[in-house]
Amino acid sequence: MEILRNNWDKKALITAVCLFFSIPPYMVWNTTITPIVGCIAGVLAFTQLKGGNKYGRFGALLLFSLYFYYSFVSGCNIWGWLSIILITPFFLANDSFNGRVYCYFYKIYVYTMIVSFIVYLLVIFGDVGLSCQNILPLNLEKLDKYYAYPFLITIDTDTIRFFGLYDEPGVIGTISGMILVVERFNLKKWENIALMLMTIFTFSMFFYIICAVYILIYGKMKYKIIVALVVLSVTLYFWENEIMYELVFKRFMLNSDGKLVGNTREHGGFSDWYEQFSKTSAYYTGLGHGMGAKMNDGGSSYKQLIVDYGVIYFSLLVLAYYMRGIRYIRKRNNLILFSLLFLSTMYQRPFISNVAYVFLFTVSPYLLNEIEEHKKNYNDDKSFTYSSVTKRGWR
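Residues numbered from 1 in each chain as written. Predicted model: local features only at pLDDT ≥ 70, side-chain atom pairs only at ≥ 80, totals over all residues. Heavy atoms only, no water.

K.L.:
Is there a simple way to explain the side chain of Ser-83 in this structure?
P.N.:
Along the chain, Ser-83 turns up in helix H4 (residues 78-85). Residue Ser-83 is classed as buried on the basis of its relative accessible area of 12%. (Helix = DSSP H or I, 4+ residues; strand = E, 2+ residues; numbered from the N terminus. Buried < 20%, exposed > 50% of the residue type's maximum accessible area, 1.4 Å probe, protein only.)

Okay, structure coming up:
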């Protein structure tokens, strides 16, 4: 690859490796490695600072202020505090560096997924007796037993969901969905085809919805018809299959409250409690770090951020991310795609202190714009390479 010839690319590669381990894969669960690699990634991004335009600078500085506040009220140890503070250099790092980091991260993520998926097929469907060991879960409050195969995680419940290297299939569903939106679902690249097919086996509701929304908005009519026929055929064929019914069909049904059965982001009456909370003055300033997780035990929702830090903080955070990328997302297509990526992820995985998620939020407006420009100029998206685009940086 051309980008490997540049000395700066060694920094981009190391940063991408750090981002990968910050997701985190099972090899670094319950260790101090995750915050350390986050710090290393931030330090490397700090060496690549550049100003950008005035709106981008204001958005970046607002994000810096919000994360600085977050780091002090979150009650982290020194490594946690540093890893949060050192997220902020990505907001002002030049586009060239962030683009090259994405290129490496994309390759690392996809290729490790492929290896993991091969092991998954051998273990789940091939009934191959590979060695494994019982390990502690990432979230120690989870009751499931986790088993680590080479490049694969499974749990003791009878499920065929693809976990990959992570603690939940939803991690793959979210990150793969974000990447494919950035890639504009370009299925002329074999890596994107592989990524899409592998992620289907996570049975991630988020991923299915992202795909459906993208096809509805941007898909050509013939592809919409093909997809609709495939979905209808699969539904009719597997409707009486107990596994498929539980993993897919049932989750898209409505419960007695008129909500999707598969929407498990809110637990233990949290929705009713939140409705009452939104009528109090604390709704604007929050109840303090950790209260959202306590009230929504086992869940994950953007509402937890509001419970912790208030709707004012949350609104400023969303505004800052949009301002950070305003020079790119002011185009209608880019605005829709960034909103699809950012808001849908924040809705169900508001991990604003995870450097991998924050990086994808930060770099996506730039890459969406570059892919659009390349396709417009060359009428071809297959030949697009980040090594050619990321040379330009802030223009």
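That covers the picture; the talk isn't over yet.
K.L.:
Explanation requested: empty space enclosed by the protein in the structure shown.
P.N.:
Over the atoms rolls a probe the size of a water molecule, and in doing so it shows where empty space is left. Taken as a whole and assessed by the stated rule, the structure comprises two cavities of 30 Å³ or more. Looking at the second largest cavity, its volume works out to about 30 Å³. Together, Leu-63, Phe-91, Tyr-321, Arg-324, Phe-338, Phe-361, Thr-362 and Pro-365 line the second largest cavity. Sorting the residues of the lining of the second largest cavity by element identifies helix H15 (302-324) and helix H18 (355-378) as the ones contributing at least two each. Looking at the lining of the second largest cavity element by element, the count peaks at three residues for H18. The class makeup of the residues in the lining of the second largest cavity is six nonpolar, one polar and one charged. (1 Å grid on protein atoms, 1.4 Å probe; cavity = no way out; pocket = protein on both sides within 12 Å on 5 of 7 lines; lining within 4 Å. Points joined across faces, edges and corners; volume = space filled by probe spheres on them. Nonpolar A, V, L, I, M, F, W, Y, C, P; charged D, E, K, R; others polar.)

K.L.:
What's the story with the sheet that holds strand S3 (residues 152-155) in this structure? I'm lost.
P.N.:
Whether parallel or antiparallel, the strands of a sheet pair through hydrogen bonds between backbone atoms. What the three strands build is an open sheet, ordered S1-S2-S3; its pairing is antiparallel. The sheet is open, and its two borders are formed by strand S1 (133-135) and S3, each paired with just one other strand. Across the sheet, the mean angle separating the axes of adjacent strands is 40 degrees when strand polarity is ignored. Summarising the sheet, S1 and strand S2 (residues 146-149) pair through three bridges and their orientation is antiparallel. Counterpart to Asn-134 in the pairing with S2 is Tyr-147. Along the sheet, helix H6 (residues 95-125) contacts S2 and S3; its crossing angle with S3, the most-contacted strand, is approximately 40 degrees. (Pairing = 2+ DSSP bridges. Axes fitted to C-alpha atoms, helices over the stretch in contact; angles between N-to-C directions. Contact = heavy atoms within 4.5 Å.)

K.L.:
Please explain unusual backbone geometry as it appears in this structure.
P.N.:
Leave glycine aside and you will find that most residues have negative phi; peptide bonds, for their part, are mostly trans. In this chain, Ile-23 is followed by Pro-24 through a cis amide linkage whose omega measures 0 degrees. Looking at the element boundaries, Pro-24 is found in the loop between helix H1 (7-21) and helix H2 (33-46). Phi at Phe-151 takes a positive value of approximately 65 degrees, unusual for a residue other than glycine. Relative to the elements of secondary structure, Phe-151 occurs in the loop between S2 and S3. Positive phi, normally seen in glycine, also occurs at Phe-185, with a value near 50 degrees. With respect to the helices and strands, Phe-185 occurs in the loop between helix H7 (169-182) and helix H8 (190-200).

K.L.:
Explain the layout of surface pockets here, please?
P.N.:
When its volume is computed, the second largest pocket comes out at roughly 1800 Å³. Taken together, 45 residues form the lining of the second largest pocket, with Leu-187, Met-196, Cys-211, Ile-215 and Val-227 sitting closest to its centre. Those elements giving two or more residues to the lining of the second largest pocket turn out to be H8, helix H9 (205-218), helix H10 (221-238), helix H11 (242-249) and H18. A total of 10 residues in the lining of the second largest pocket trace back to one element, the largest contributor, which is H10. Residues belonging to the lining of the second largest pocket are distributed by class as follows: 32 nonpolar, five polar and eight charged.

K.L.:
Looking at this structure, how should I read helix H17 (residues 332-348)?
P.N.:
Structurally, the α-helix is built with 3.6 residues per turn, so residues lying three or four positions apart point the same way. The first and last C-alpha atoms of H17 sit 24 Å apart over 17 residues, in line with the 24 Å expected at 1.5 Å per residue. Turning to H17, its buried residues number three or more, namely Asn-334, Leu-337, Phe-338, Ser-339, Leu-340, Leu-341, Phe-342, Ser-344, Thr-345, Met-346 and Gln-348. (Expected span 1.5 Å × (residues − 1).)

K.L.:
Looking at this structure, how should I read the side chain of Asp-167?
P.N.:
Relative to the helices and strands, Asp-167 is located in the loop between S3 and H7. For Asp-167, a relative accessible area of 11% puts it in the buried group. Only 3.3 Å separates the side chain of Asp-167 from the side chain of Lys-142, close enough to count as a polar contact. Setting aside its immediate chain neighbours within four residues, Asp-167 contacts Trp-29, Leu-138, Lys-142 and Tyr-146. (Polar contact = N/O pair within 3.5 Å; in protein donor to acceptor, adjacent residues only side chain to side chain.)

K.L.:
Where do I start with the pairing of S2 in this structure?
P.N.:
In regular strands, side chains alternate between the two faces of the sheet. Note: S2 against S3, four bridges, orientation antiparallel. Directly across from Tyr-146, in S3, lies its bridge partner Ile-155. Connecting the antiparallel pair S2 and S3 is a turn made up of two residues, with Phe-151 showing a positive phi of about 65 degrees.

K.L.:
Honestly, the packing of H9 against H17 in this entry has me stumped. Any pointers?
P.N.:
Each packed pair of helices is defined by two parameters, the angle between the axes and the distance between the axes. Packing of H9 against H17 leaves a shortest axis separation of 12 Å and a crossing angle of 165 degrees. When the axes of H9 and H17 are compared, the pair comes out roughly antiparallel. The handedness of the crossing between H9 and H17 is right-handed. Along the contact surface, H9 presents Phe-206, Ile-210, Val-213, Tyr-214, Ile-217 and Tyr-218, while H17 presents Asn-333, Ile-336, Leu-337, Leu-340, Ser-344, Thr-345 and Gln-348. A class-by-class count of the residues in the contact of H9 with H17 yields nine nonpolar, four polar and no charged. (Parallel < 35°, antiparallel > 145°, perpendicular 65-115°, else oblique. Left-handed = near helix turned anticlockwise from the far one by under 90°.)

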